[in-house]
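# Close look at the chain arrangement
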Amino acid sequence: MSRTILITTGATETFKDLIQFAVSKQFLEYLVTENFTHLIVQYGPDQSIISTSSHLTPVDNNNNNNSVESCPAKSNLQFFTFKQSLSVETYAFNSALSNDILKADYVISHAGTGSILDSLRAHRPLIVVVNNQLMDNHQAEIAKALKDLELLEWAEFDKSMNDEANYDQVIKKLKAILSNDIKFKEFPAPRNGVLNNILAEELGLLF
Amino acid sequence: MVLLGSGGHTGEMIRLLDGLDFTEYSRLTLVITEGDNGSIKKARDFENSNFSSNEEVIISEHEASMTSVGNFVVDYIFLPRARNVGQPLISSAITTIGCIVQTFKIMWSRNTFPHAILCNGPGTSVPLCYVFYLLSLVKFQNAVIIYVESLARVSRLSASGWLLYPIASRFIVQWEMLHEKFSRSEYYGILV
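Calculation rules
Residues numbered from 1 in each chain as written. Chains lettered and ligands numbered in written order. Predicted model: local features only at pLDDT ≥ 70, side-chain atom pairs only at ≥ 80, totals over all residues. Heavy atoms only, no water. Helix = DSSP H or I, 4+ residues; strand = E, 2+ residues; numbered from the N terminus. Buried < 20%, exposed > 50% of the residue type's maximum accessible area, 1.4 Å probe, protein only. Contact = heavy atoms within 4.5 Å. Areas by Shrake-Rupley, 256 points an atom, 1.4 Å probe, with all protein chains shown as cover. Axes fitted to C-alpha atoms, helices over the stretch in contact; angles between N-to-C directions. Parallel < 35°, antiparallel > 145°, perpendicular 65-115°, else oblique. Left-handed = near helix turned anticlockwise from the far one by under 90°. Nonpolar A, V, L, I, M, F, W, Y, C, P; charged D, E, K, R; others polar. Phe/Tyr/Trp six-rings, centres within 6.5 Å; stacked < 30°, edge-to-face > 60°. Lys NZ or Arg CZ within 6 Å of the ring centre and 35° of its normal. Pairing = 2+ DSSP bridges. Salt bridge = Lys/Arg side-chain N within 4 Å of Asp/Glu carboxyl O. Right-handed = clockwise from strand over helix to strand, strands pointing away.

## Here's the deal with the overall build of chain B
- Secondary structure assignment for chain B yields six helices and nine strands.
- For chain B, buried positions account for 55% of its 192 residues.
- Taking contacts inside chain B between residues at least 6 apart in sequence as the whole, the part at least 24 apart equals 58%.
- Element-wise, carbon and sulfur atoms account for 57% of the exposed surface of chain B, whose accessible area totals about 9000 Å².

Rendered as structure tokens:
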């Protein structure tokens, strides 16, 4: 049985804390104990945290030539393993990220509207990690408002706590989701034809 | 006519357009800021997946391009960047006026003015909407302005929202909290 989790950290800003979390020993070991088989990490413009991670073992990319060639949407695609039991796929960007969201069983995402909506529309359990290093942080507002509607969980990395405690907080939320202690409501599909009707009314068209 | 601009806004607008039925319309004009390659790509992807194009006529690399599908036309207006970071206010005002003049020049040359303007708040859309509004007051044209506030705005309007609230024919918000604060606004749940 394969079990996949996707972590997406945004395309324009480098969300250091979330990338560091994604490749931390603490998180990787937790995934193994929960029988995850695949981790996918989208890390954005800066590769340094991935390439200097000491916990990931690179997989000979020659073996993966086929999959590399079949994924033109992904840039800097690389494969690693963690303790031989978890395969880790990393890339900078993916212009077809929604395909990987569908492939994943669970999603951890930055607070970007696009990946939040893609995950909710695909009905994937979602933890949003808010980047409080960003200046204009109104995106955090949607994460919190959607959490109030019980559509997702959210977390943030608190600078006054150490990494271990911060990571633990995200892991605990994932654990609660996996054990069904946290259950999400179903995200309602957008109401049909709202904009069509408004346009028709304004333009005096009869549909 | 649909006003696109910068990552998040474009993403939401494309989601809105995905739900639209174009059969009653003859033309979709997408207004994009020059060099905003993310938005250009999203717009092209949207166009390709919704309208299989018969022919593509590129009028000018920088000004506009046009695709016609049977009788339905998808065309683009590319605007110069309204404001670069650190640009003094006076020169950004001049570029903004330049944007508006260019938009009208292109519409004039194609002999087409929109019946409806769909906008969700990128910065360049505000002055453009005001010009359309003023022209509708003098009956020069009569485009209706339909504004959809971004999902990211939960409890406060964006600056563009504030500015367009008084003049938009229809003003749609995606959070109940905003709807309660602004009596003219309409709320139908999350639309994107």
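## A look at the packing of helix 2 (residues 25-33) of chain A against helix 8 (residues 163-178) of chain A
Residues and elements named next belong to chain A.
- Direction vectors running N to C along helix 2 and helix 8 enclose 20 degrees, while the axes themselves pass 10 Å from each other. Comparing their axes, helix 8 and helix 2 come out roughly parallel. In this structure, helix 2 meets helix 8 at a crossing whose hand is right-handed. Contacts between helix 2 and helix 8 pair Gln26, Phe27, Tyr30 and Leu31 from the former with Glu164, Tyr167, Asp168, Ile171, Leu174, Lys175 and Leu178 from the latter.
- A breakdown of the residues in the contact of helix 2 with helix 8 according to their chemical character gives seven nonpolar, one polar and three charged.

## Here we look at the packing of aromatic side chains
- Going through the model one piece at a time under the given rule, you end up with 21 aromatic pairs over all chains.
- Ring centres 6.5 Å apart and planes at 70 degrees place the aromatic pair Phe15 of chain A and Phe157 of chain A in the edge-to-face group. Of this pair, Phe15 of chain A sits in the loop between strand 1 (4-8) and helix 1 (16-22) while Phe157 of chain A sits in the loop between strand 10 (153-156) and helix 8, placing them 142 residues apart in sequence. Each member of the pair, Phe15 of chain A together with Phe157 of chain A, is buried.
- Taken together, the ring pairs connect Phe15, Phe21, Phe27, Phe157 and Tyr167 of chain A into an aromatic cluster.
- For Arg44 of chain B, the ring lying beneath its charged end belongs to Tyr76 of chain B, and the centroid distance is 4.4 Å.
- Positioned above the aromatic ring of Tyr165 of chain B, the side-chain terminus of Arg184 of chain B is 5.6 Å from the ring centre.

## Focus: the sheet that holds strand 8 (residues 106-109) of chain A
- The eight strands lie next to each other as 3-5-6-2-1-8-9-10 (chain A), forming an open sheet whose pairing is mixed. Bordering the open sheet on either side are strand 3 (57-58) and strand 10 of chain A, each of which pairs with just one other strand.

## Considering the pairing of strand 6 (residues 86-91) of chain A
Residue and element names in this part refer to chain A.
- Most of strand 6 is tucked away, with five of its six residues classed as buried.
- Taken together, the five bridges between strand 2 (residues 38-42) and strand 6 define a ladder with parallel strand orientation. Counterpart to His38 in the pairing with strand 6 is Ser87.
- Where strand 5 (residues 78-82) lies against strand 6, five bridges are found, and the strand directions are antiparallel. Bridge pairing in strand 6 places Phe79 opposite Glu89.
- From the end of strand 5 to the start of strand 6, which pair antiparallel, there are three residues, and Lys83 there has a positive phi angle of about 50 degrees.

## A short note on the pattern of salt bridges
- What the rule picks out here adds up to 19 salt bridges over all chains.
- A salt bridge links Arg15 of chain B to Asp118 of chain A, with the shortest nitrogen-to-oxygen separation between them at 2.8 Å. Remark: Asp118 of chain A occurs in helix 6 (residues 113-121) and Arg15 of chain B occurs in helix 1 (residues 7-18); the pair is interchain, linking two chains.
- For Arg15 of chain B, a relative accessible area of 21% gives the class partly exposed.
- Among the salt bridges present, the one from Glu153 of chain A reaches Lys147 of chain A, with a minimum N-O distance of 2.9 Å.
- Counted as one network, the salt bridges with shared partners bring together Lys74, Glu89, Asp100 and Lys103 of chain A.

## Focus: the pairing of strand 8 of chain A
All names here are of chain A.
- Of the two faces of strand 8, the one holding Tyr106 and Ile108 and the one holding Val107 and Ser109 are both buried throughout.
- Relative to strand 8, strand 1 runs parallel, the two sharing four bridges. When the sheet's bridge partners are listed, Thr8 is paired in strand 8 with Ser109.
- As judged from the three bridges shared by strand 8 and strand 9 (residues 126-130), these two strands associate in the parallel manner. Paired with Val107 across the strands is Leu126, a residue of strand 9.
- For the crossover from strand 8 across helix 6 to strand 9, the handedness is right-handed.

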